[in-house]
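A closer look at the structure
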Amino acid sequence: MLDQTILSILKEQDQQLFDLVLREETRQHEQIRLIPSENYASPAVKAALATSFTNKYGEGYPGRRYYQGQVNTDALELMVIERAKALFGYPHANVQALSGAPANLGVYTAFLKPFEGKIMAMRLDHGGHLTHGSPVSVTGQWFEILSYGCNENDVLDYEEIRRQALEFKPDVLVCGYTAYPRLIDFEKFGEIAREVGAISLADVSHIAGLIAGGAHPSPWPHMDVVTFTTHKTLRGPRAAIILAKDADMMDRIDKAVFPGLQGGPHFNTIAAIGVALGEAASPAFKDYSHQVVANAKKLGEELKVRGHHVVSGGTENHLLLLDVRKSHKLPGKRVAVALEEVGIVLNFNTVPNASDRQKPLFPDGIRLGTPSITTRGMKETDMVRLASLIDRTINNLKTGKISEGESAWKDDDEAVTIAAAVRELATSFPTFAW
Ligand code: DSN
């Protein structure tokens, strides 16, 4: 829960805003949140966001600012940089990027000239990201892109990626995904990048917390540059970190972030990143990150035995993809909307090797992740209950066309019963237990 003092100050001054905050707090307590890119930040992370560091301007970097009064902000930024370096084992870090998209853009613009640079990355519908060269992102408009995908088993084929890289000769080779349930072999990506003379970039936004806790292999020393958001498995504020292997690369990235793309850093967010990095270095976080993976594996197994199509056959990280068209002849969006109605919140998602009907807004799958429910303290036994509730919900959905105003449920009473069970499961856990 939010700090009671902060809440009461808000309540006294702005009832309308307070009501919204309270409604969101309640929603996050009563629902089961399975969006793999979300989490519950700790009370200390939220406290740091609400500090006076929000009042300070400080364009530039420690010791090289364009404003006076940086005695504490310089100390803060240097401290958070040191924590990032220590936790991830890279010798250089930038903690100013406002989120993942600007972090990736910072890296591209540090090394590539617009309309000349070449990037090779995973296609969006196989689990890449908009900033990995999607045509609707400037990254796809300013740079020449070659997208690789998963093979027929829904996994990366490193030999094929190598073959494509040798032919395309990218300047930057990107790995790191938003919807890939398997481990990433950073060593192989690093080797391929070196062979073709590319800078290797790992966007580990989704798995940064797993790497920090030792539940996923580290990109160090294989990848030249690493970007990640800090609010997913890492459980910090909404922001990003960029790591680099050598000083020259970091210098170019620093200049690209500021003054290239951004103005003043958000020091209260940097303070909250520092808190999150401190938490992530603790033994409790190690347990947390391994439990995230154990829960995802168990959830996948339980869904699989109930007849669901788990993409790639399972998971080795924090997320799962279900192809609900293959298993239940249902569109992903109908399933995601129905699950929200019973209190299970996730997102519809494209899946690799999908049917011809799949489109980004009309995909064949759903994406489920365990970072948030693990923060609440759920364990494998709770995954059995959860899998059963998800399964009952999906089996209660009509297939085929549904006319305007018609219920999507086969049995409305069953949906009400499931919703009560979901609420009971959710509210038997606090929002922050780790
Ligand atoms: N696309 C977001 C997600 O994975 O949810 C991350 O930017």
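Let us look at the structure shown here.

Time to look at unusual backbone geometry. With an omega dihedral of 0 degrees, the bond running from tryptophan 220 to proline 221 counts as a cis peptide bond. Cis geometry marks the peptide bond from phenylalanine 258 to proline 259; its omega dihedral reads 10 degrees. Tracing the chain through its elements places proline 259 in helix 10 (residues 247-261). Positive phi, normally seen in glycine, also occurs at aspartate 154, with a value near 65 degrees. For aspartate 154, the location among the structural elements is in the loop between strand 6 (144-148) and helix 7 (158-168). Given the relative accessible area of 8%, aspartate 154 is considered buried. Here the phi dihedral of arginine 235 falls at roughly 65 degrees; this positive angle occurs in a residue that is not glycine. Summarising the element assignment, arginine 235 is placed in the loop between strand 9 (225-229) and strand 10 (240-244).

This part covers the packing of helix 16 (residues 380-395) against helix 17 (residues 412-427). Put simply, helix 16 and helix 17 touch, their axes get as near as 10 Å, and they point 160 degrees apart. Considering their axes alone, helix 16 and helix 17 lie roughly antiparallel with respect to each other. By crossing handedness, the relation of helix 16 to helix 17 is classed as left-handed. Taken together, the residues of helix 17 that come into contact with helix 16 (itself represented by Asp382, Arg385, Leu386, Leu389, Arg392 and Thr393) are Glu414, Thr417, Ile418, Ala421, Val422, Glu424 and Leu425. Grouping the constituent residues of the contact of helix 16 with helix 17 by class yields six nonpolar, two polar and five charged.

Close contacts around the ligand come from Ser37, His129, Thr178, His206, Lys232 and Arg367, and that covers them all. Here an oxygen atom of the ligand and a side-chain polar atom of serine 37 are 2.6 Å apart. Contacts to the ligand include histidine 206, whose side-chain N or O atom sits 2.7 Å from an oxygen atom.

An α-helical segment advances 3.6 residues per turn. Residues three or four places apart therefore align on the same side. Listed as buried for helix 7 are Tyr158, Ile161, Gln164, Ala165 and Phe168. One side of helix 7 carries all its buried residues, which in axial view fall inside an arc of 120 degrees. For helix 7, the exposed residues set more than 90 degrees away from the buried face come down to Glu159 and Glu167. The N-terminus of helix 7 is capped by aspartate 157, whose side-chain oxygen sits 3.2 Å from the backbone nitrogen of glutamate 159. Lysine 169 sits one or two positions beyond helix 7 and adopts a positive phi of about 50 degrees.

Further remarks concern the sheet that holds strand 9. Pairing in this open sheet of seven strands is mixed, and the strands run 4-10-9-8-7-5-6 from one edge to the other. The open sheet has two edge strands, strand 4 (92-94) and strand 6, and neither has a second partner. Ignoring strand direction, the axes of neighbouring strands in this sheet form an average angle of 20 degrees. Sitting on the sheet, helix 7 is in contact with strand 5 (118-122) and strand 6, with an inclination near 165 degrees to strand 6.

What follows covers the nonpolar core. If you look at the biggest cluster of nonpolar residues, it comprises 58 residues, and the most contacted ones within it are Phe88, Tyr148 and Phe189. The element that contributes the greatest number of residues to this core is helix 11 (residues 267-280), accounting for eight residues. If you look at the next biggest cluster of nonpolar residues, it comprises 34 residues, including Val335, Leu386, Ile418 and Leu425.

A cluster of acidic residues, Glu340, Glu341, Asp411, Asp412 and Asp413, forms a negative patch at the surface. Elements with a contribution of two residues or more to the negative patch: helix 14 (332-341) and helix 17. Within the element layout of this structure, glutamate 340 appears in helix 14. Judged by relative accessible area, glutamate 340 falls into the partly exposed class, the value being 46%.

Under the definition given, this model contains 20 salt bridges. With a shortest N-O distance of 2.8 Å, glutamate 30 and arginine 423 are connected by a salt bridge. Taken together, the residues span a long stretch of sequence, with glutamate 30 in helix 2 (residues 15-30) and arginine 423 in helix 17 at a distance of 393 residues. The salt bridge involving lysine 298 is made with glutamate 302; its shortest N-O contact spans 3.2 Å. Highlighted residues: lysine 298 and glutamate 302, both in helix 12 (residues 283-305), separated by four residues, approximately one helical turn.

Calculation criteria
Per chain, the residues get numbers from 1 upward, laid out in the order the sequence is written. Only residues with pLDDT of at least 70 get local features here, since the model is predicted, and only at 80 or more are side-chain atom pairs given and counted; chain-wide, interface and lining totals rely on the full set of residues. To get the side-chain values, all heavy atoms of the structure are used, and hydrogens and water are removed first. Here a helix means four or more residues in a row that DSSP labels H or I, a strand means two or more in a row labelled E, and each is numbered from the N terminus. A simple rule labels every residue: compare its accessible area, found with a 1.4 Å probe on the protein chains alone, to the largest value its type can have, and call it buried under 20%, exposed over 50%, or partly exposed in between. Lines fitted to C-alpha atoms define the axes here, with helix axes fitted over just the stretch in contact, and angles between the N-to-C directions of these axes take values from 0 to 180 degrees. Roughly parallel means an angle under 35 degrees; roughly antiparallel, over 145; roughly perpendicular, 65 to 115; everything else is oblique. For any pair of crossing helices, the crossing counts as left-handed if the nearer helix is rotated counterclockwise from the farther one by less than a right angle, and right-handed if it is rotated clockwise. The contact criterion used throughout is that any non-hydrogen atoms of two residues lie within 4.5 Å. For this scheme, ten residues count as nonpolar: Ala, Val, Leu, Ile, Met, Phe, Trp, Tyr, Cys and Pro. Four count as charged, namely Asp, Glu, Lys and Arg, and the remainder, Gly too, count as polar. Here a residue counts as near a molecule or strand whenever at least one of its heavy atoms sits within 4 Å of it. Polar contacts, as used here, are pairs of N or O atoms within 3.5 Å; protein pairs need one atom able to donate a hydrogen and one able to accept it. Residues neighboring in sequence count only if both atoms are side-chain atoms. Throughout, the arc means the angular range of directions from the helix axis out to the C-beta atoms. Paired strands are those between which DSSP finds at least two bridges. Here the nonpolar core consists of buried residues drawn from Ala, Val, Leu, Ile, Met, Phe, Trp, Tyr and Cys, with membership extended through side-chain atoms lying within 4.5 Å. To count toward a patch, a residue needs a relative accessible area above 30% and no salt bridge. Like charges then connect within 9 Å, nonpolar side chains (Val, Leu, Ile, Met, Phe, Trp, Tyr) within 5 Å. To be clear on the numbers: accessible area is Shrake-Rupley with a 1.4 Å probe, and residue cover counts the displayed protein chains and nothing else. A carboxyl oxygen of Asp or Glu within 4 Å of a side-chain nitrogen of Lys or Arg is what we treat as a salt bridge. Only four residue types enter the tally: Lys and Arg on the positive side, Asp and Glu on the negative side, with His and both chain ends excluded. A single reference atom marks each charge: NZ on Lys, CZ on Arg, CG on Asp, CD on Glu.

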